[in-house]
Each structure stands twice: as structure tokens, then as C-alpha cells.
Amino acid sequence: CSNNNNNNNNNNNNNNNNNSNNNNNNNNDDGVDGEEKKIMIHKGEVSEKLMPEEMKKLVKHLKLQLKTEEEMSENEDFESLKKDYLHHLDESMPRLKYAGMLIRSKLYKHKSKGAKLLYELTENEDIDDDTMMIVYYYLAIVNYKLGLYSESERFSRIVLEKEPNNRQAKAFKFLLKERSKRKYIVVLDETEGSDYAFNRSLEMIKEDDELILVTHIDHNKVVESLPQDVNEYAIYSLKKKREEELAETVQLKYRRICAQRNIHYKYSCDTEDPRDFIVSIVKQEKVDTIIVPYGPPQEKRGFFSRITLSNLSDYLAQNAPCSVVIVKKEEN
């Protein structure tokens, strides 16, 4: 009897395990695997400038060089160069050598100190032109590492003006251009505020930046616009088509402006909660800045009627993992 009971228990356990496995398989089939829903984003048609193959190799080599220098900096004798610099404060070369070692470090405090020393060298009128070019190039590198891309570009431009055939400076210019690209979202609906938000985006973006046009569509408007006798199997595709049609009525003029200005742009729409929808795009596309029109609390016009623009902008400012620019209408 005891053996029979044990066998029955084992069979029951096996059945339970099978049921658990079936449940897990069902969950996986349904796509419930802990991953966030991927947002459908369309790419606008604009011509892209491709980097020459030879320059790609130089940029790749430069990236590797900068990475290797950072790794090797851990074994450098900082104290020895620091002593030499302190014993020769009035001389430029010990200061330049010490600064050059500091900017190769992984540590922010070292890079910041190196940048300070290099800026001091730019005010030294006794430095010859060749040495000053090294100072300028070092300043381009350290500002790039510190994320000060505009300042880095300034010194890179100075070097290329003096030495237009400097291949390393050319490669760095392309590397800087690649790294300083920004992604922006501009939130659009059928209200007047969208024009102000879009205009602000045009003021902010640079040549190689990317703009993502985002519109939330009211689900009720989509449903109301569908035929009454629609087949249940065709309902999903009809809904998506209608969503895109409604979004196009809002976005078309903005897409045309982007195309005419050769702005790299994408566009997307959805009927989900606009707060979650926009934050999901920010994470998915690694967006740097959201530009959103501000609406007074009583404003309930446009596709954002379920969530007023003021509530949306406040939510994004508090919860979006990037910068948020809230654009108000100017009274004048």
C-alpha cells in the first residue's frame, strides 16, 4: 500500500510539473516574458550622407586608440610627472606632459584638472605654433571625453584650419559628429501648441540630429470611424489603418517640412495612454530630449483630450528618463 501511494504521489507530482510547464509555455506563447512592448516607428524618406570607407577605418582606429590610452593610464606614473610639473611651473612642456597624461585617465577629476592646465597654456604667448596645435588637439579630446561637444568642436575646427591635411584631426571631427548626434521627440496633436513645439524643435536640432514625430490618437475616435458591419478578423488591421490616417492628418505638414529641410525624422502614433507611450519610445530609441506643448489645465481639445497637455508635460518632466522642454505660447 505504501509503495502504491508513493507511486500515485509521484504521478500527481509529474502531472503538476507538466501542468506548470504547459502554463509556462502558454505564457511564453502569449509573449508575457517580462519584455516591454516594442513601439512601431516609421522612418521618413530623406537622403543620408555616408562616411567614406577610408574615414570609417580612421575613426575606428581613433576610437580604439582612445580606449587603449584610458586602460593604460592606470599604469602611468602620475606622481613623477606631477613633481616635474610642480618643479617647473614657469615652463610649458612639463605642464603639457602632465596635462596630456591627466586627460588620458578614466577619472573625471583627472580629466577636469588636465583641461584646466591646457586652457592655461592657451594664454601663454611664448609657446610655438606646433606646440600650441598639440594643446588645441588635447583640448578637443578632453572636452569630447567630458561631454562638452560644442567646445570640443571649436578646438577641432582650429586645428583643421591650421592643418587641413591632418588625418587624425579629420578622423576626430567625424568621431565628434557621430557622438554628438541627438535624438528629439516632438509631441503633436491638432492644437495650436503643436506648431510652437515643432518650431522650437527646428530651432534646437542640428544637421545630423534625428526628430521623432509622435501623436496620440483617441481610441474612441478610431472606433467611431469604423464601419458597423466590419468582420471581426479584419478589425485589427482596419483599426491600425485608421489610426495611421488620423495621425497623418496631424503630422503630414510636419513630415513635409522635415523632408524639405532634409531632417532625419521618424514618426509614430498609438491609442495607448500617451504618458506610457512616449516614455516607452524614449527608452526604445534612446531619446535625448522631449519637446511637448504646454496646455492650460482646462484645455481638453485635440487627440490628447483624455490627458490634458498640462498633465502630460508635468508627467513627462517628472518621469521621463531624459530632458523635457515644455513650450508655452508667447503672449506677444
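The paragraphs below set out a description of the structure included in this document. Every chain's residues receive numbers from 1 upward, in the order its sequence appears when written. Local features are withheld for residues below a pLDDT of 70 in this predicted model, meaning they are given only at 70 or higher, and side-chain atom pairs are given and counted only at 80 or more; totals for whole chains, interfaces and linings count all residues. Where side-chain values are given, they derive from all heavy atoms of the structure, hydrogens and water being excluded.

In this description, a line fitted to the C-alpha atoms serves as the axis of each element, helices being fitted only across the stretch in contact, and the angle between N-to-C directions of two axes falls anywhere from 0 to 180 degrees. To qualify as a helix, a DSSP run of H or I must reach at least 4 residues; to qualify as a strand, a run of E must reach at least 2; elements of each kind are numbered from the N terminus. At their nearest, the axes of helix H4 (residues 92-102) and helix H6 (residues 129-145) sit 11 Å apart, and the two run at 25 degrees to each other. With respect to their mutual orientation, H4 and H6 come out roughly parallel. Like other packed secondary-structure pairs, H4 and H6 cross with a definite hand, here left-handed. Along its contact with H4, which presents Met93, Leu96 and Gly100, the element H6 presents Thr131, Ile134, Val135 and Tyr138. Polar here means any residue other than Ala, Val, Leu, Ile, Met, Phe, Trp, Tyr, Cys and Pro, which are nonpolar, and Asp, Glu, Lys and Arg, which are charged; Gly is therefore polar. Along the lines of polarity and charge, the residues of the contact of H4 with H6 split into five nonpolar, two polar and no charged. We call two directions roughly parallel when the angle between them is under 35 degrees, roughly antiparallel when it is over 145, roughly perpendicular when it lies between 65 and 115, and oblique otherwise. The crossing is said to be left-handed when, going from far helix to near helix, the turn is anticlockwise and less than a right angle, and right-handed when the turn is clockwise. It only takes one pair of heavy atoms within 4.5 Å for two residues to be counted as in contact.

A separate point is unusual backbone geometry. Even without glycine at this site, Asn262 takes up a positive phi of about 60 degrees. If you trace the backbone, Asn262 turns up in the loop between helix H11 (235-260) and strand E4 (264-270). Relative accessible area decides the class of each residue, using a 1.4 Å probe on protein chains only: under 20% of the type maximum gives buried, over 50% gives exposed, and in between gives partly exposed. Taking the relative accessible area as the measure of exposure, Asn262 reaches 31% and is therefore partly exposed. A positive phi angle is found at Lys286, which is not glycine, with a value near 55 degrees. Mapped onto the elements, Lys286 comes out in the loop between helix H12 (274-285) and strand E5 (289-293).

To form a nonpolar core, buried Ala, Val, Leu, Ile, Met, Phe, Trp, Tyr and Cys residues must be joined to one another through side-chain atoms within 4.5 Å. One finds Leu62, Leu118, Val135, Tyr144, Phe172 and Leu175 to be the most contacted residues of the largest nonpolar core, which totals 37 residues. Counting residues per element, the ones that place at least two in this core are helix H2 (53-72), helix H3 (78-87), H4, helix H5 (108-121), H6, helix H7 (149-162) and helix H8 (167-179). Per-element tally for this core: the top contributor is H6, with ten residues. Discounting residues that sit within four places of it in the chain, Val135 has contacts with Leu96, Leu118, Leu121 and Thr122.

Right, let's get into the pairing of strand E2 (residues 183-187). Most of E2 is tucked away: four of the five residues are buried. Bridge count between E2 and strand E3 (residues 210-216): five bridges; the pairing is parallel. Looking at E3, one finds that Val187 is bridged to Val214. When DSSP locates at least two bridges between a pair of strands, those strands are taken to pair. In the sheet, E2 pairs with E5 via three bridges, with the strands oriented parallel. Within E5, the position partnered with Val186 by the bridge is Ile291.

Turning our eyes to something else, we now look at the sheet that holds E4. The six strands are arranged E1-E4-E3-E2-E5-E6 in an open sheet whose pairing can be described as mixed. Strand pairing shows two members of the sheet lacking a second neighbour, strand E1 (42-43) and strand E6 (323-327), which therefore form its edges. In this sheet, E6 lies alongside E5 in parallel orientation, the contact comprising five bridges. Paired with Pro293 across the two strands is Val327, which belongs to E6. Those strands touched by H12 are E2, E3, E4 and E5, and its axis lies near 160 degrees from that of E3.

Now for the environment of Tyr144. Inspection of the secondary structure puts Tyr144 in helix H6. In this structure, Tyr144 is in contact with Leu66, Tyr149, Ser152, Phe172, Leu175, Leu176 and Arg179, ignoring residues within four places of it in sequence.

Turning next to the side chain of Lys145. Structurally, the position occupied by Lys145 is in helix H6. Counted charges follow a simple rule, with Lys and Arg positive, Asp and Glu negative, and His plus the chain ends left uncounted. Within this document, salt bridges are pairs made up of a side-chain nitrogen of Lys or Arg and a carboxyl oxygen of Asp or Glu, the two lying within 4 Å of each other. Within the buried core, Lys145 has no salt-bridge partner, and the shortest N-O distance to an opposite charge, that of Glu70, equals 4.2 Å. Pairing of N or O atoms within 3.5 Å defines a polar contact, subject to two protein rules: one partner must be a possible hydrogen donor and the other a possible acceptor, and residues neighboring in sequence count only if both atoms are side-chain atoms. At 3.0 Å, the side chain of Lys145 and the backbone oxygen of Ile103 are in polar contact. Residues in contact with Lys145, not counting those within four places in the same chain, are Leu66, Glu70, Ile103, Arg104 and Lys111.

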